[in-house]
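Structural description and commentary
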Amino acid sequence: MFRKLMIPAVVALVLAFFAGNALALNPAVIYDLGGKFDKSFNQAAHMGAEQFSQETGIKYRDFEPTNESQYEQALRRFASRGSDLIVVVGFSFASALEKIAPEFPNTKFVIIDMVVTQPNVESVVFKEHEGSFLVGMLAAMKTQTGKIGFVGGMDVPLIRKFALGYKEGAQYVNKDITIFENMTGTTPAAWGDPIKAGELARSQFDRGADVVFTAAGGSGMGVLQAAADAKKFSIGVDSNQNYIHPGSVLTSMVKRVDLAVFEAMRDAQNGDWEPGLKVLGLAEGGVDYAMDKYNEALITPEMKARVEQAKADIISGKIVVTNYFDIMDR
């Protein structure tokens, strides 16, 4: 009887010990333009925050800006109202964060897709070129015309990084392949213009492409729709978008923004959070190509085997994929 009474008491003490070693946390997330339900980049961040909240019971606050002028205001508002970990989703926040972070030295900040060197900022960047190489291989193996396409969002070096990795992966399979490339725009509005992105994809299909990869945030929905309408193939990005048009989305280049957000919140709660640079590539599980029930019939065992071998070779260093940032200043 005594032992039965003691067991719950011991369990309660253990739980209290771990709870006592976890820090109180009041996190916040500020999304990039396009909103947290863009089915792509922002939504991946939202999923990471949701996972953390569900696992810990800790609530978080978030905000969806409608223009870049709100970035600085949102950062200052959350920091001044007690948010002790603030995650900003996108490179466009860099200048605002450079200004705000020194004003709140006791607040932890995390920025996705850009490096901000401040003592209270963690910068998380991805090796998008590695994941794009793999989906480029799949596109080159799937095409029946020898022509494939790429539709980017805002024409910035980050999106050129996707495009170059995709090109190198396709040329690894077929050095003579034709690759069409278009960008949706040159301003942040390019992330939320599915009509324009769809038009660009249709133009590429009209020129003979039968697989188009999109790295355009919410605009990519137009590319996926255009491919489904034309009975061609698309390749999604950031989140796993295979389910959106089953049988038409060949795969998705998954970029684990959800993992980055979840780990930042978890580390802050556990007292393990550190400022500085964090790089997530294939080896770290930060990027990959998506396989599931929605696209498994589209990718043959031979295609998968070849891509898996290339993946292993990239991780080992046998294959080196060019990072656009390394060559852009040449």
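Scroll up for the structure.
The text that follows walks through the structure, step by step, so that each part is easy to find. (Residues numbered from 1 in each chain as written. Predicted model: local features only at pLDDT ≥ 70, side-chain atom pairs only at ≥ 80, totals over all residues. Heavy atoms only, no water.)

Attention shifts here to the overall build of the chain. Tallying secondary structure elements over the chain gives eleven helices and twelve strands in all. Scaling as 2.2 N^0.38, a compact globule of 330 residues should have a C-alpha radius of gyration of about 20 Å, and the chain matches this with 21 Å. Once the C-alpha set of the chain is aligned to its principal axes, its extents read approximately 75 × 55 × 35 Å. The proportion of buried residues among the 330 residues of the chain is 54%. The long-range share in the chain, meaning contacts at least 24 apart out of those at least 6 apart in sequence, stands at 68%. If you sum the accessible surface of the chain, you get close to 14700 Å²; carbon and sulfur atoms cover 54% of it. (Helix = DSSP H or I, 4+ residues; strand = E, 2+ residues; numbered from the N terminus. Rg over C-alpha atoms; globule rule 2.2 N^0.38 Å. Buried < 20%, exposed > 50% of the residue type's maximum accessible area, 1.4 Å probe, protein only. Contact = heavy atoms within 4.5 Å. Areas by Shrake-Rupley, 256 points an atom, 1.4 Å probe, with all protein chains shown as cover.)

Let us now look at unusual backbone geometry. Trans is the prevailing form of peptide bonds, just as negative phi is the prevailing case for residues other than glycine. Even without a glycine there, the phi angle at Asp113 is positive, about 80°. Topologically, Asp113 is positioned in the loop between β4 (108–112) and β5 (121–126). If you check the backbone angles, Lys231 has positive phi at about 55° while not being a glycine. The topology assignment puts Lys231 in the loop between α8 (220–230) and β9 (233–238).

Within α8, the full set of buried residues consists of Gly220, Met221, Gly222, Val223, Leu224, Ala226 and Ala227. Buried positions along α8 lie against β6 (147–154), α7 (194–206), β8 (211–215), β9 and β10 (249–255). Of the residues trailing α8, Lys231 is marked for its positive phi of about 55°.

Turning to the sheet that holds strand β2 (residues 61–63), a few remarks are in order. Strand order in the open sheet formed by six strands is β2-β1-β3-β4-β5-β11, with parallel pairing between adjacent strands. The outermost strands of the open sheet, each flanked by one partner alone, are β2 and β11 (276–280). The sheet shows a mean angle of 15° between the axes of neighbouring strands, direction not considered. Strand direction decides the pairing type here: β4 and β5, joined by four bridges, are parallel. Counterpart to Ile111 in the pairing with β5 is Ser123. In the packing of helix α2 (residues 41–56) onto the sheet, contacts are made with β1 (27–30), β2, β3 (85–89) and β4, and the angle to β3 comes to roughly 155°. (Pairing = 2+ DSSP bridges. Axes fitted to C-alpha atoms, helices over the stretch in contact; angles between N-to-C directions.)

What follows covers helix α5 (residues 128–142). With 15 residues, α5 should cover 21 Å at 1.5 Å per step; its first-to-last C-alpha distance of 21 Å lies within 8% of that length. Within α5, 14 of the 15 residues are buried, which leaves the element mostly enclosed by the surrounding structure. (Expected span 1.5 Å × (residues − 1).)

Bringing the environment of Gln225 into the picture now. Along the polypeptide, Gln225 turns up in helix α8. Looking at Gln225, the relative accessible area reads 34%, which means it is partly exposed. Residues Gln225 and Leu259, spaced 34 residues apart in sequence, show a C-alpha to C-alpha distance of 27 Å.

Applying the stated criterion across every chain yields a total of 14 salt bridges. Glu128 serves as the salt-bridge partner of Lys161, at 2.9 Å between the closest nitrogen and oxygen. Residue Lys161 is found in helix α6 (residues 157–173), and its partner Glu128 is found in helix α5; the two are separated by 33 residues along the sequence. Here the two residues Lys161 and Glu128 agree in accessibility, since each one is buried. Two residues, Arg160 and Glu181, come together in a salt bridge whose shortest N-O distance is 2.5 Å. With Arg160 in helix α6 and Glu181 in strand β7 (residues 178–185), the pair connects residues that are 21 residues apart, well separated along the chain. Residue class for Arg160 comes out partly exposed when judged on its relative accessible area of 25%. Each of Glu72, Arg76, Lys99 and Glu103 takes part in a single network of salt bridges with overlapping partners. (Salt bridge = Lys/Arg side-chain N within 4 Å of Asp/Glu carboxyl O.)

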